[in-house]
Amino acid sequence: MVYIWADLLLGFKEIFSAPFKDPSIWWILAPIIFFWLILEVYFGRYKTEKLGWNSALLNGLTLFWIVIISIQTLFANNFELFTRSKLLFVIFVALYSVFIIFICFTHRIGGNIAFFFASPTIIHYLCGLSVLWTRGLLVMSPWVIIDLILLYILVLAMETILKKLIPSAPNSRLEGI
């Protein structure tokens with residue numbers, strides 16, 4: 001049992017140290033984190049407002065932009081960072097982003113389902129993961145993958161708590177116009 005906890009802690013150490021292995025990564029990572037936090041605070045303040053088609057579409061486009069950066073990273077370093085697993089992950093994220101763009105642009109499925117797939121939490125989490133892993137800053141292992149899943153669950157819990165703690169905006173005269 002002690003070994004499991006030690007391995008989990010080593011996985012978390014790998015995840016949280018990854019952004020500090022190359023300070024230049026913050027030029028990409030900081031806006032991702034900043035925009036994610038702004039969206040969470042916004043939806044915490046305006047609790048009755050839900051994600052709209054245009055915002056969901058933009059989330060899909062944002063993810064696609066990160067896919068382009070990730071592909072460029074994989075191919076720009078003389079294939080030093082290139083692995084089949086990274087390429088498969090980037091292809092998966094690319095297909096996911098194209099799926100979101102398609103369903104949001106065409107309104108092919110119901111809003112609740114589309115908005116679930118295009119939620120800021122999923123999008124920005126995948127953006128950060130893609131940037132860190134394709135740059136070779138995050139070393140994947142089974143324990144890191146387990147920790148990434150646990151971290152995502154923790155982020156969802158913290159998001160829920162944050163939204164409850166943020167005071168609602170006073171009713172605006174312009175709301176509903």
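Keep in mind the model is a prediction, meaning the values are calculated, not measured.

**Section: the packing of helix 3 (residues 53-76) against helix 4 (residues 84-106)**
Here comes step 1: Running from N to C, helix 3 and helix 4 point in directions that differ by 155°, and their axes come no closer than 8 Å. Considered as vectors, helix 3 and helix 4 are oriented roughly antiparallel to each other. Every pair of crossing elements has a handedness; the one defined by helix 3 and helix 4 is left-handed.
Here comes step 2: Tallied by class, the residues present in the contact of helix 3 with helix 4 amount to 20 nonpolar, three polar and one charged.

**What to know about helix 1 (residues 2-17)**
Here comes step 1: Counted at 1.5 Å a residue, the expected span for helix 1 with its 16 residues is 22 Å, and the 22 Å between its end C-alpha atoms agrees.
Here comes step 2: Those residues of helix 1 that fall on the buried side of the exposure criterion are Leu8, Gly11, Glu14 and Ile15. The buried residues of helix 1 occupy one face: seen down the axis, they fall within an arc of 115°. Counted as exposed and oriented over 90 degrees from the buried face of helix 1: Val2, Tyr3, Trp5, Leu9, Leu10 and Lys13.

**Side note on the pattern of salt bridges**
Here comes step 1: For the structure shown, the criterion picks out three salt bridges.
Here comes step 2: Linking glutamate 40 and lysine 163 is a salt bridge whose minimum nitrogen-to-oxygen distance equals 3.4 Å. Taken together, the positions of glutamate 40 in helix 2 (residues 26-45) and lysine 163 in helix 7 (residues 142-165) put the pair 123 residues apart, joining distant regions of the chain.
Here comes step 3: Overall, lysine 163 belongs to the partly exposed group, its relative accessible area being 24%.

**Some details on a nonpolar patch on the surface**
Here comes step 1: Together, Ile145, Ile146, Ile149, Leu150 and Ile153 make up a nonpolar patch on the protein surface, roughly 430 Å² of accessible area in all.
Here comes step 2: Along the chain, leucine 150 turns up in helix 7.
Here comes step 3: Overall, the relative accessible area of 39% leaves leucine 150 in the partly exposed class.

**Observations concerning the side chain of histidine 124**
Here comes step 1: Its location among the elements puts histidine 124 in helix 6 (residues 120-134).
Here comes step 2: A relative accessible area of 5% means that histidine 124 is categorised as buried.
Here comes step 3: Beyond its immediate sequence surroundings of up to four residues, histidine 124 is in contact with Ile32, Phe35, Trp36, Leu39 and Asn59.

**Re unusual backbone geometry**
Here comes step 1: Residue histidine 107 is not a glycine yet carries a positive backbone phi of 55°.
Here comes step 2: For histidine 107, a relative accessible area of 42% translates into the label partly exposed.

**Here's the deal with the environment of aspartate 22**
Here comes step 1: When you line up the elements, aspartate 22 lands in the loop between helix 1 and helix 2.
Here comes step 2: The class for aspartate 22 is partly exposed, based on a relative accessible area of 27%.
Here comes step 3: Considering only alpha carbons, one finds aspartate 22 and glycine 136, 114 residues apart in sequence, at a separation of 9.7 Å.

**Digging into the packing of aromatic side chains**
Here comes step 1: All chains considered together, the criterion is met by 13 aromatic pairs.
Here comes step 2: Taking 6.5 Å as the distance between ring centres and 80° as the angle between the ring planes, the aromatic pair formed by tryptophan 36 and tyrosine 125 counts as edge-to-face. Of the two residues, tryptophan 36 is situated in helix 2 and tyrosine 125 in helix 6; the sequence distance between them amounts to 89 residues.
Here comes step 3: Residue classification places tryptophan 36 among the buried residues on the basis of a relative accessible area of 14%.
Here comes step 4: Considering the side-chain rings of tyrosine 42 and tyrosine 46, the 4.9 Å spacing of their centres and the 40° angle between planes classify their relative orientation as tilted.
Here comes step 5: In this structure tyrosine 42 comes out as partly exposed when scored by relative accessible area, which is 32%.
Here comes step 6: Residue class for tyrosine 46 comes out partly exposed when judged on its relative accessible area of 30%.
Here comes step 7: An aromatic cluster is present here, built from Phe92, Tyr96, Phe99, Phe116 and Phe117 joined pairwise through their rings.

**Some points on the packing of helix 6 against helix 7**
Here comes step 1: In the contact formed by helix 6 and helix 7, the axes pass within 11 Å of each other and the chain directions differ by 140°. Regarding the angle of helix 6 to helix 7, the classification is oblique. Crossing geometry of helix 6 relative to helix 7 is assigned as right-handed. Contacts from Thr121, Ile122, Tyr125 and Leu129 of helix 6 reach helix 7 at Leu148, Leu151, Tyr152, Val155, Leu156 and Glu159.
Here comes step 2: Residue composition of the contact of helix 6 with helix 7, by class: eight nonpolar, one polar and one charged.

Reading the values: rules and limits
Residues numbered from 1 in each chain as written. Predicted model: local features only at pLDDT ≥ 70, side-chain atom pairs only at ≥ 80, totals over all residues. Heavy atoms only, no water. Axes fitted to C-alpha atoms, helices over the stretch in contact; angles between N-to-C directions. Helix = DSSP H or I, 4+ residues; strand = E, 2+ residues; numbered from the N terminus. Parallel < 35°, antiparallel > 145°, perpendicular 65-115°, else oblique. Left-handed = near helix turned anticlockwise from the far one by under 90°. Nonpolar A, V, L, I, M, F, W, Y, C, P; charged D, E, K, R; others polar. Expected span 1.5 Å × (residues − 1). Buried < 20%, exposed > 50% of the residue type's maximum accessible area, 1.4 Å probe, protein only. Arc of directions from axis to C-beta. Salt bridge = Lys/Arg side-chain N within 4 Å of Asp/Glu carboxyl O. Patch = residues over 30% accessible without salt bridge, like charges linked within 9 Å, V, L, I, M, F, W, Y side chains within 5 Å. Areas by Shrake-Rupley, 256 points an atom, 1.4 Å probe, with all protein chains shown as cover. Contact = heavy atoms within 4.5 Å. Phe/Tyr/Trp six-rings, centres within 6.5 Å; stacked < 30°, edge-to-face > 60°.

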